[in-house]
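Each chain is listed here by its residues.
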Amino acid sequence: MLKTQGYAALISKAPLESYSSERREPRENDVVIDIKYCGICHSDIHQARDEWGGSIFPMVPGHEITGTVVNIGNKVTKYQIGDQVGVGVFVDACRTCEQCKNGLEQYCEQGFVPTYNGRDYEGNPTMGGYSDKTVVNEDCVLRIPNNLALDAAAPLLCAGITLYSPLKHWHVGPGLKVAIVGLGGLGHIGVKLAHAMGAEVTVLSHSSKKQDDAKRLGADHFYATSDPETFKTLRRKFDLMYNTVSTDIDWDQYVELLKIDGTMIVVGLPENKVPIGASPLVNGRRSIAGSMVGSIAEIQEMLDFCGEHGLACDVEMVDIQDVNAAYERVLRSDVKYRFVIDMASLKKTGSQSAMQQVNAT
Ligand code: NAP
Ligand code: ZN
Ligand code: ZN
């Protein structure tokens, strides 16, 4: 077994702490990755706090992984030692069901093997990217374009693909009016991608604080949903609306902002069930749809698109010792726009970390 060092939640809702775990010995098709960076996705928080139920502990979260290949199995053909690579939300799928055969392994009928908080097909718990190393089958490893920095690219592996896939699926491009609800990790890369695809992009944010940032990221318009006038002004304005919010909102109000035949695509996964009235849907032939990450081929397509457009995430780097403080800041929507753990910090000992020092003053 391969010894690894990282951070884990030992039980639900406990602060994450230093934790050693093991990964399988690399098999003939496996790639061993020296993890350099891992993004902090809101899903990490939902799962470490068992907000979706069924969490497996101890849990090493993290599914926005970038790093370098340091070893390969003898049948690996796609990667070489030294390559810049990434790993996203899943590390295997059954490869035989209809969805897998159609290249939609994110919807694998047997359920894909999650990068963490899941079990592999032998029943062993999987461990994620808040760690110094991982071992992944080469088919689920992604190539990071050389012109993208590994830190800013890390959140593309989940946040990026979670927006890219439904933007492509609903044919976002010039002439379409697209709303992005929530300017967090998912939302901010959604704005960049939708803008790069040529759509007219509006950000709907729950306060007015992020107005300047939204414009800088590529939004054409910005509205604060704390202002009741917003829901009157924007009635029936959007073809598509991407809902990235992680908590409860009044869905009816948002659906009313869709044009006739408009669609709200849900990607946020709040803890509570969603209450939605029939009338805003009926009264406009509107739809609500959902979307989950993207396939391996589509993640690679997204990474290459980002490479071609020189586009990546706005990240705030944190030491791993500050992961719990970072979680609290994500919950307060106080992150611009994705925390990324610098895994080099695992080697730090004793000294106070940068974020604790800032918070102490
Ligand atoms: P995040 O960075 O915390 O962003 C969520 C955003 O929601 C916040 O930045 C905030 O934007 C908005 N928000 C927060 N509190 C709000 C409130 N009280 N009222 C209205 N809006 C509020 O989280 P994330 O990492 O982007 O993830 C967002 C959600 O997507 C999570 O539930 C996560 O689990 C889920 N997710 C789904 C997939 C998938 O495959 N479908 C993949 C990854 C993540 P404003 O300040 O602009 O309002
Ligand atoms: Zn995620
Ligand atoms: Zn399958």
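Note that this is a predicted model, so its numbers are computed, not measured.

A. View of the overall build of the protein. If you tally the helices and strands in the protein, you get 12 helices and 17 strands. The C-alpha radius of gyration of the protein comes to 20 Å, within 12% of the 21 Å expected for a compact globule of 361 residues. Projected onto the principal axes, the alpha-carbon positions of the protein cover approximately 60 × 55 × 40 Å. Here the protein holds 361 residues, and 56% of them are scored as buried. Element-wise, carbon and sulfur atoms account for 50% of the exposed surface of the protein, whose accessible area totals about 15600 Å². Across the protein, the centroid of the 35 positively charged side chains sits 3 Å from that of the 45 negatively charged ones.

B. Geometry of the coordination of the zinc ion (ligand 2). In the first shell of the zinc ion (ligand 2), the protein supplies Cys41 (SG), His63 (NE2) and Cys158 (SG), at 2.0 to 2.3 Å from the metal. Every donor residue of the zinc ion (ligand 2) comes from the same chain, spaced as C-x21-H-x94-C. Of this pair, His63 sits in the loop between helix 1 (42-48) and strand 4 (65-72) while Cys158 sits in the loop between helix 3 (150-153) and helix 4 (159-169), placing them 95 residues apart in sequence. In this structure, His63 and Cys158 share a single accessibility class: buried.

C. Spotlight on the site of ligand 1. Around ligand 1 sit 29 residues, and of these His42, Ser205, His206, Lys210 and Arg338 come closest. Between Leu269 and ligand 1, the recorded distance is 3.0 Å, taken from a backbone N or O atom to an oxygen atom. Computed on the free molecule, ligand 1 has an accessible area of 910 Å², of which 90% lies beneath the protein chains in the complex. Of all the elements in the fold, those that place two or more residues in the shell around ligand 1 are helix 1 and helix 5 (185-196). Sort the elements by how many residues they give to the shell around ligand 1 and helix 1 lands first, with 3 residues.

D. Region of the structure containing the coordination of the zinc ion (ligand 3). Those donors, Cys94 (SG), Cys97 (SG), Cys100 (SG) and Cys108 (SG), are the protein atoms that reach the zinc ion (ligand 3), and they lie 2.3 to 2.4 Å from it. Considering all 4 donor atoms around the zinc ion (ligand 3), angles at the metal cover 104 to 119 degrees and the coordination shape is tetrahedral. Here the donor residues of the zinc ion (ligand 3) share one chain and are spaced in sequence as C-x2-C-x2-C-x7-C. Linking Cys94 in the loop between strand 6 (90-92) and helix 2 (98-101) with Cys108 in the loop between helix 2 and strand 7 (113-114), this pair joins segments that are 14 residues apart in sequence. You can call Cys94 buried: its relative accessible area is 13%.

E. Representation of helix 10 (residues 296-309) in the model. The terminal C-alpha atoms of helix 10, which comprises 14 residues, lie 20 Å apart, in line with the 20 Å expected from a rise of 1.5 Å per residue. Residues of helix 10 that are buried: Ile296, Glu298, Ile299, Gln300, Met302, Leu303, Phe305, Cys306 and Gly307. Buried residues along helix 10 sit against strand 6, strand 9 (142-143), helix 4 and helix 5. Phi turns positive one or two residues past the end of helix 10, at Gly310, with a value near 55 degrees.

F. Layout of the nonpolar core. By size, the foremost hydrophobic cluster in this structure holds 97 residues, and its most contacted members are Ile40, Tyr130, Leu156, Val172, Leu193 and Tyr242. A per-element tally of this core places helix 10 first, with 6 residues. Each residue touching Val172, except ones within four places of it in the same chain, is listed here: Leu167, Val178, Ala194, Met197, Ala199, Leu240 and Tyr242. Ala179, Leu234, Leu258 and Val266 belong to the second largest nonpolar core, which has 16 residues in total.

G. Highlighting the pattern of salt bridges. Taken as a whole and judged by the stated rule, the model has 25 salt bridges. In this structure, Lys3 and Glu22 form a salt bridge, with 2.9 Å as the shortest nitrogen-oxygen distance. On the criterion of sequence distance, the pair formed by Lys3 in strand 1 (residues 2-8) and Glu22 in strand 2 (residues 17-23) is long-range, its members being 19 residues apart. With a relative accessible area of 63%, Lys3 lands in the exposed category.

H. The arrangement of the pairing of strand 4 in detail. Looking at chain direction, strand 3 (residues 30-39) and strand 4 are connected through 7 bridges and run antiparallel. Residue pairing in the sheet places Tyr37 in a bridge with Thr66 of strand 4. Across 4 bridges, the pairing between strand 4 and strand 5 (residues 84-87) is antiparallel. Paired with Thr68 across the two strands is Gln84, which belongs to strand 5.

I. Spotlight on unusual backbone geometry. For the bond running from Phe57 to Pro58, omega is -5 degrees, close enough to zero to count as cis. Turning to its location among the elements, Pro58 is positioned in the loop between helix 1 and strand 4. For the bond running from Lys336 to Tyr337, omega is -15 degrees, close enough to zero to count as cis. Looking at the element boundaries, Tyr337 is found in the loop between helix 11 (323-331) and strand 17 (338-342). Phi angles above zero are rare outside glycine, and Asn117 is one such case at about 55 degrees.

J. Just the packing of helix 4 against helix 5, in detail. Two numbers describe how helix 4 lies on helix 5: the axes approach to 8 Å, and their chain directions differ by 45 degrees. Regarding the angle of helix 4 to helix 5, the classification is oblique. Of the two elements, helix 4 crosses helix 5, and the hand of that crossing is right-handed. Where helix 4 abuts helix 5, its residues Ala159, Gly160, Thr162, Leu163, Tyr164 and Leu167 lie against Gly185, Leu186, Ile189, Gly190, Leu193 and Ala194. Grouping the constituent residues of the contact of helix 4 with helix 5 by class yields 8 nonpolar, 4 polar and no charged.

Rules and cut-offs
- Residues numbered from 1 in each chain as written.
- Chains lettered and ligands numbered in written order.
- Predicted model: local features only at pLDDT ≥ 70, side-chain atom pairs only at ≥ 80, totals over all residues.
- Heavy atoms only, no water.
- Helix = DSSP H or I, 4+ residues; strand = E, 2+ residues; numbered from the N terminus.
- Rg over C-alpha atoms; globule rule 2.2 N^0.38 Å.
- Buried < 20%, exposed > 50% of the residue type's maximum accessible area, 1.4 Å probe, protein only.
- Areas by Shrake-Rupley, 256 points an atom, 1.4 Å probe, with all protein chains shown as cover.
- Lys, Arg positive; Asp, Glu negative; His and termini not counted.
- Charge placed at Lys NZ, Arg CZ, Asp CG, Glu CD.
- Donors = N, O, S within 2.8 Å, 3.2 Å for Na, K, Ca; no water.
- Near = heavy atom within 4 Å.
- Polar contact = N/O pair within 3.5 Å; in protein donor to acceptor, adjacent residues only side chain to side chain.
- Tetrahedral: all angles 85-135°; square planar, octahedral: opposite > 155°, others 65-115°.
- Expected span 1.5 Å × (residues − 1).
- Contact = heavy atoms within 4.5 Å.
- Core = buried A, V, L, I, M, F, W, Y, C linked by side-chain atoms within 4.5 Å.
- Salt bridge = Lys/Arg side-chain N within 4 Å of Asp/Glu carboxyl O.
- Pairing = 2+ DSSP bridges.
- Axes fitted to C-alpha atoms, helices over the stretch in contact; angles between N-to-C directions.
- Parallel < 35°, antiparallel > 145°, perpendicular 65-115°, else oblique.
- Left-handed = near helix turned anticlockwise from the far one by under 90°.
- Nonpolar A, V, L, I, M, F, W, Y, C, P; charged D, E, K, R; others polar.

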